[in-house]
Amino acid sequence: MTFRSGASFDGKRATTGGRGRGGGTIAAGGGIGTIVLIGLFLLMGGNPGDLGQLLGTESSQQQGEETSSGHLDHCKTAEDGNKYDDCRVDYTAQSVDAVWKEQLPAQAGIEYTEPGRVVFENSTMSGCGQASAATGPFYCPADQSAYFDTSFFEQLKNFGAENAPLAQMYIVAHEFGHHIQHLEGTLGLSNYNQPGEDSNAVKIELQADCYAGIWAFHADEGDNAKLEQITDEQAQAAIDTARAVGDDNIQRRSGGQVRPDQWTHGSSADRAQAFINGYKSGKMSQCDYLGRNVYNS
């Protein structure tokens, strides 16, 4: 997957937050990486009622600091996005913005507002609390921002996924999917303290996967598209990543048994299918896991 040579990347830039002081709580907000933490916690016998404390949802005021911020000044051309992970995150975010600026009003009658985005190293402070590299990418509704530590991408290999460009892009688009849900007023329905394969937490995550697929459907359309045409092989990398971060796969690879009653993000098969639903249709109506029936197409 490559960004189109000559494409314009002069939109809102990600800020860089880095090397914040350790300690504090882990931020939550539907992060791809959060499933690893939740899966391991429950697998080891953790009480679902304690997830709020683990994930930092009980308090957003914790000690910590972001010691540097700025722009990704080395991200200047499409080639930089094809070469550097942090530039790829920033450019993908701009592509996702461009897609949803058109699709959200057209399909849901909601005006799209761009979320903030932060690329950080080691740790940073978010509106949801202190986040570390172990948290993985996440969206924080409190400050309407998506956070990315690119070192997480290397962890994909531990769960059977390839650290491929479109796999990374899928993760960015998934987190922005949570921003779409925030704008829809549905993100708050997710509750990690009430896990299960039919839980709202799972439905919210599957919908974010599907929304990532919608981005992929539209991202290479038109003369102003920022991406070259997505090939079947590249799309498969995103599908494989969705499958890799399924609850059942995380549980198996963590050495335990599959426990659907502890799921918060959905099975591997369901996550892969959710992305495919969005990617094959480009329609929010095909992502209506909450059964709201409010979409125009």
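Residues numbered from 1 in each chain as written. Predicted model: local features only at pLDDT ≥ 70, side-chain atom pairs only at ≥ 80, totals over all residues. Heavy atoms only, no water.

- The name an unreviewed UniProt entry assigns to the protein is Metalloprotease, from the organism Corynebacterium striatum.
- One UniProt comment on the protein, placed under Subcellular location (unreviewed entry), says "Membrane". (UniProt positions renumbered as here; feature names shortened; annotations may be inferred.)

## As for the nonpolar core
Here comes step 1: Grouped together as the largest cluster of nonpolar side chains are 63 residues, with contacts concentrated most on Trp100, Tyr170, Phe176, Tyr211, Trp215, Phe275 and Met284.
Here comes step 2: Contributions of two or more residues to this core are made by helix H4 (85–108), strand E6 (145–148), helix H5 (152–155), helix H6 (165–184), helix H7 (200–219), helix H8 (232–244) and helix H10 (268–281).
Here comes step 3: Broken down by element, this core gets its largest block of residues, 10 residues, from H7.
Here comes step 4: Not counting chain neighbours up to four residues away, the residues in contact with Phe275 comprise Tyr170, Asp209, Cys210, Ala212, Gly213, Ala216, Ala235, Ala238 and Ile239.
Here comes step 5: Among the nonpolar cores identified, the runner-up in size contains seven residues, and Phe120, Cys128, Phe138 and Tyr147 belong to it. (Core = buried A, V, L, I, M, F, W, Y, C linked by side-chain atoms within 4.5 Å. Buried < 20%, exposed > 50% of the residue type's maximum accessible area, 1.4 Å probe, protein only. Helix = DSSP H or I, 4+ residues; strand = E, 2+ residues; numbered from the N terminus. Contact = heavy atoms within 4.5 Å.)

## A word on the packing of H6 against H7
Here comes step 1: The N-to-C vectors of H6 and H7 enclose an angle of 115°; their axes lie 7 Å apart at closest approach. Note on packing geometry: the crossing formed by H6 with H7 is right-handed. Counted together, Leu166, Met169, Tyr170, Ala173, His174, Gly177, His178, Ile180, Gln181 and Glu184 of H6 and Ile204, Glu205, Gln207, Ala208, Asp209, Tyr211, Ala212 and Trp215 of H7 form the full contact between these two elements.
Here comes step 2: Here the residues of the contact of H6 with H7 sort into 10 nonpolar, five polar and three charged. (Axes fitted to C-alpha atoms, helices over the stretch in contact; angles between N-to-C directions. Left-handed = near helix turned anticlockwise from the far one by under 90°. Nonpolar A, V, L, I, M, F, W, Y, C, P; charged D, E, K, R; others polar.)

## Re unusual backbone geometry
Here comes step 1: One non-glycine residue, Asn122, lies in positive phi territory at about 70°.
Here comes step 2: With respect to the helices, strands and loops of the structure, Asn122 is situated in the loop between strand E2 (116–121) and strand E3 (123–126).
Here comes step 3: A positive phi angle, close to 50°, is found at Gln144, a residue other than glycine.

## Some words on the packing of H4 against H7
Here comes step 1: Closest axis-to-axis distance for the H4/H7 pair is 9 Å, and the angle between their directions is 100°. When the axes of H4 and H7 are compared, the pair comes out roughly perpendicular. Contact residues: Thr92, Ser95, Val96, Val99, Trp100, Gln103 and Gln107 in H4; Tyr211, Ile214, Trp215, His218 and Ala219 in H7.
Here comes step 2: Its residues placed into classes, the contact of H4 with H7 shows seven nonpolar, five polar and no charged. (Parallel < 35°, antiparallel > 145°, perpendicular 65-115°, else oblique.)

## Here's the deal with the pattern of salt bridges
Here comes step 1: Counted under the stated rule, the structure contains eight salt bridges.
Here comes step 2: Its salt-bridge partner being Arg243, residue Asp240 comes within 3.0 Å of it at the nearest N-O pair. Placement of the pair is Asp240 and Arg243 together in helix H8, with a separation of three residues, close to one helical turn. (Salt bridge = Lys/Arg side-chain N within 4 Å of Asp/Glu carboxyl O.)

## Observations concerning the state of the cysteines
Here comes step 1: Within the structure shown, the criterion is met by three disulfides.
Here comes step 2: Here Cys128 is linked by a disulfide to Cys140, with a sulfur-sulfur distance of 2.1 Å. Because the torsion about its S-S bond is 95°, the bridge between Cys128 and Cys140 counts as right-handed. Note that Cys128 is positioned in the loop between E3 and strand E4 (129–132) and Cys140 in strand E5 (residues 138–140), a separation of 12 residues in sequence.
Here comes step 3: Relative accessible area serves as the criterion here: at 10%, Cys128 is assigned to the buried category.
Here comes step 4: Residue Cys140 is classed as buried on the basis of its relative accessible area, which comes to 0%.
Here comes step 5: At a sulfur-sulfur separation of 2.0 Å, the disulfide partner of Cys210 is Cys287. Taking the torsion about the sulfur-sulfur bond, which here is approximately -70°, the covalent link between Cys210 and Cys287 counts as left-handed. (Disulfide = S-S within 2.5 Å.)

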